[in-house]
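Each chain is listed here by its residues.
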Amino acid sequence: MSLTPFLDKLPIPRVLAPLRRDKCSTYYEVEMREFFHQFHSELPPTKVWGYEGQVPGPTIEVEEGETTLIQWKNNLPDKHFLPVDHTLHGCHESMPEVRTVVHLHGANVPPDSDGYPEAWYTNGFKKCGPCFTRKVYEYPNHQPATTLWYHDHAIGITRLNVYAGLAGMYIIRDKNEKYLNLPSGIYEVPLVIQDKSFNPDGSLFYPTNVQNPPPEYPEVSITPGFAGDTIIVNGKAWPYLEVEQRKYRFRILNGSNERFYRIKLDSGQSFIQIGSDGGFLRKPVWLDEFVIGPAERMDMIVDFTNQPVGARIKMTNSARTPFDFGAPPDPNTDGLIMEFRVIARTSEDTSVIPERLNCIKDYDVCFAEKVRDITLDVGADQYGRLLFKLNDCEFMDYITEDPIVGDLEMWRIINPGLGVHPLHIHQVQFRVLDRIPFDTAAYAQTGQLRFTGEPEPPNENETGWKDTVQAYPGHVTRLLMRFGPYLGRYVYHCHILEHEDHDMMRPLEVKPPEHCHQTDQPF
C-alpha cells in the first residue's frame, strides 16, 4: 500500500489531567479501550487499542518526589484482534486471550507497581494472573527529571499489545530542569516513533503464520522479530511539523517492537543530545546522527535558527533490520521518519544550550561486590523455531539473579551472536562501563572468553544514567548498578518484544542487605 509521506501534521499527545490532587498524592484513572484511529489521511480508520482512546496514550507529567497513583482500567474486549500464539508460556488455551498489565519503563517503584509480566488482569479485573495484582499502582517519582514511558507488559503478548497501541510517554520534571532554561512549552515536542504495516483494508498487519508451524497450532505468530514498513510518529505516518527559526527540544522515544533507527537530518544539521534514559547528561553532546534502540529515550535539541523560511528538512533512518546486519531500509518508506517545515519566528528565543547540565557521580568498579555474567543465547524450541534466552534459561526457570539491595554490581552482558540486543533491567538506572571485543568462535567452542581488544568506552551520549543498553555482537558490555531501595521480584529482558515474549526474559529477586550501604543511585 503506497501512502504519500509528509501529508499529515504531527499530532501532539495531550497531557493527562489528574482526577484529584492533594498534599499526599496525585490520582489518575487511565482506561484501556478499543477504538478506531486514522494513521494517515489516505487510510481508512484502523482498529487499535489505546490508553484513554488515543495512540499513543496521553502524556503524564509529574514532579520529582510527587507520589502518583494510577488505576489502570482494562476495558478491552475478550478477543484479541491480533494473532495470539497459544504455544507461548502464559498463552495456553485455558488462559484469557486478552490480558494487560502496565509497566512504567525506567521507573524505580515497589515490585507490586512495576508491572510484573504475570501480574496481569482482564476486563474489569474479572480474572488476574498468578502474581499479586493491585488495582491502583503507586509511583513515588524519586528520580531526577527524565523521560520515561508506560506500556503493556503482559506475559506472552507484550508484542501484540504494544503494537496494538498500548504505549504512552511519562515525564518527570524537577527544579534543575527549570533552572537550565531549555526550550519549553510548544517548543518542547515529544516524538514517539513506531512502525506499522497495514492490510489493503487499512487494518493493522501482524504475521499470522511462520514457516513450518506446529500441526496442533497451524496459526502462530511468534517470529524472531517484526518490523513494519510504515514509520509512525505520535500516531501519524510520516507526518510533518512546522518549526520556527529557533531552538526546539525533542523527547524521542523508540516505541517499536524490533526496529532500531539510525537518525539524521538531510540538512546536515546536528542533534544536540542533553539527556538519555535516566535524565540529563553531564554536558551536551553534538551528533551528526545517532542510533536509538527499542525502548531507549533520547532528549535532543535541534536549532533551526539559521534555516531559511520555507526549508523542508527530512528526518531519515538508515538502520538495517535486524540491526545491524539485515536489510537496509527503503529510502522511500522505512528510510523516512518525518519532515520539518521552517517558518518565521514569532517571538524572541531566550532558551539556551547550557554548557553543563547535570552532576553525575561515577561508580568505582573496584567496589563492585558482585560480578554477574549474562549470556545472550539463541537455540530452537520444541517446534524448531528460534528461541532467544538469557543465560540459557527460560522465563520460568529458577531465579539466578538475586542482588542484595544497596550492593554495587557489575553485569557482563555477553553477546556471541549477530545482532544488537537492547537489554532492559527493571528497577535500576545503571552506568555503561565499557564494551570489550571477544573471539566468538573460540567462545562457541570452549565457552571461555578470549578478549581480542582493549575495552571500548561508551559513546559520549551513553555516559549518563541508562535502563536499556545496546548489547553489541561480539562484545562483552559491562554495566554498573545498585538495586534498591525496594525489595522483591522484578525482571530483566531483551526489549525486542518478539524476543521478550519467546523467551528472552528472566526474573530477578532483590534481597535484604546483610549490612547498610551508601547509595549514589540517582533517586
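Before reading further, recall that the structure is shown in the block above.
Reading the values: rules and limits
Within each chain, residue numbers correspond to sequence positions counted from 1 in written order. Per-residue local features are limited, in this predicted model, to residues with pLDDT of at least 70; the limit for side-chain atom pairs, both in listing and counting, is 80 or more; totals at the level of whole chains, interfaces and linings are taken over all residues. With hydrogens and water stripped out, all remaining heavy atoms of the structure feed into the side-chain values. Helix numbering and strand numbering both begin at the N terminus, where a helix is a DSSP run of H or I of at least 4 residues and a strand a DSSP run of E of at least 2. Exposed residues in this analysis have more than 50% of their type's maximum accessible area, buried residues have under 20%, and partly exposed residues fall in between, with area computed by a 1.4 Å probe over protein chains only. For this analysis, residues touch if any pair of their heavy atoms sits within 4.5 Å. Each accessible area is a Shrake-Rupley result for a 1.4 Å probe, and residues are judged covered by the shown protein chains and nothing else. We count Lys and Arg on the positive side and Asp and Glu on the negative side, and we leave His and both chain ends out. Charge placement uses NZ in Lys and CZ in Arg. For Asp and Glu, CG and CD serve respectively. Any Lys or Arg side-chain nitrogen found within 4 Å of a carboxyl oxygen on Asp or Glu counts as a salt bridge. What makes two strands pair is DSSP finding at least two bridges between them. By convention a nonpolar core is built from buried Ala, Val, Leu, Ile, Met, Phe, Trp, Tyr and Cys residues, the set being connected through side-chain atoms within 4.5 Å. Two N or O atoms count as a polar contact when they lie within 3.5 Å, although within protein this holds only if one can serve as hydrogen donor and the other as acceptor, and sequence-adjacent residues are included solely when both atoms are side-chain atoms. Note on geometry: axes are lines fitted to C-alpha atoms, helical ones only across the stretch in contact, with angles between N-to-C directions running from 0 to 180 degrees.

**Here we look at the overall build of the protein chain**
Phase 1: Along the backbone of the protein chain there are four helices and 30 strands.
Phase 2: By its C-alpha atoms, the protein chain is 60 × 55 × 55 Å across when sized along the principal axes.
Phase 3: For the protein chain, with 523 residues in total, the buried portion stands at 62%.
Phase 4: Excluding contacts between residues fewer than 6 apart, the proportion of contacts in the protein chain whose partners are at least 24 apart in sequence is 78%.
Phase 5: On the protein chain, roughly 20000 Å² of surface is accessible, and the fraction owed to carbon and sulfur atoms is 51%.
Phase 6: Here the protein chain carries 51 positive and 72 negative side-chain charges, and the mean point of each set is 4 Å from the other.

**Focus: the pattern of salt bridges**
Phase 1: Following the criterion strictly, the structure yields 41 salt bridges and no others.
Phase 2: Note that Lys178 is salt-bridged to Glu63, the shortest N-O span being 3.3 Å. Residue Lys178 is located in helix α2 (residues 175-180), and its partner Glu63 is located in strand β4 (residues 57-63); the two are separated by 115 residues in the primary sequence.
Phase 3: Its relative accessible area of 54% is what places Lys178 among the exposed residues.
Phase 4: A relative accessible area of 34% means that Glu63 is categorised as partly exposed.
Phase 5: The partner of Asp434 in a salt bridge is Arg478, with the nearest N and O atoms 2.7 Å apart. Taken as a pair, Asp434 in strand β26 (residues 431-437) and Arg478 in strand β28 (residues 475-482) lie far apart in primary sequence, 44 residues in all. No difference in accessibility class separates Asp434 from Arg478, as the two residues are buried.

**Some details on the pairing of strand β23 (residues 386-390)**
Phase 1: Counted residue by residue, β23 has four buried out of five residues, so it is predominantly covered.
Phase 2: Here strand β22 (residues 370-380) runs beside β23; their pairing, made up of five bridges, is antiparallel. Within β23, the position partnered with Ala380 by the bridge is Leu386.
Phase 3: Two successive antiparallel strands, β22 and β23, enclose a turn made up of five residues, where Gly384 displays a positive phi of approximately 85°.

**Let's talk about the nonpolar core**
Across soluble globular proteins, nonpolar side chains show a tendency to be buried alongside one another.
Phase 1: Grouped together as the largest cluster of nonpolar side chains are 91 residues, with contacts concentrated most on Trp72, Tyr170, Phe250 and Phe340.
Phase 2: With residues near it in sequence (within four places) discarded, Phe340 still touches Leu241, Val243, Phe250, Leu265, Phe304, Ala311, Arg312, Ile313 and Met315.
Phase 3: Counting residues in hydrophobic clusters, the runner-up holds 25 residues, among them Leu376, Trp411, Cys494 and Val510.

**Here we look at the side chain of Glu258**
Phase 1: Along the polypeptide, Glu258 turns up in the loop between β14 (247-254) and β15 (261-265).
Phase 2: Although Glu258 is buried, it forms no salt bridge, and the closest oppositely charged side chain is Arg259 at an N-O distance of 7.3 Å.
Phase 3: A polar side-chain atom of Glu258 sits 3.1 Å from the main-chain amide nitrogen of Phe226.
Phase 4: Those residues in contact with Glu258, other than ones at most four positions away along the chain, are Gly225, Phe226, Ala227, Pro294, Thr321, Pro322, Ile496 and Glu498.

**Some points on the sheet that holds strand β9 (residues 167-173)**
Phase 1: Across the sheet, which stays open at both edges, the four strands sit in the order β4-β9-β8-β6 with mixed pairing between neighbours. Because the sheet does not close on itself, it has two edges, and the strands there are β4 and β6 (102-105). Each strand of the sheet is rotated relative to its neighbour by a mean of 20°, with strand direction disregarded.
Phase 2: Two strands pair when backbone bridges link them, and strand β8 (residues 146-152) and β9 are joined in this way by six bridges, in the antiparallel orientation. When the sheet's bridge partners are listed, Tyr150 is paired in β9 with Gly168.

**Quick notes on the side chain of Ser25**
Phase 1: Mapped onto the elements of the fold, Ser25 is located in the loop between β1 (20-21) and β2 (26-37).
Phase 2: Those residues in contact with Ser25, other than ones at most four positions away along the chain, are Arg20, Thr67 and Leu69.

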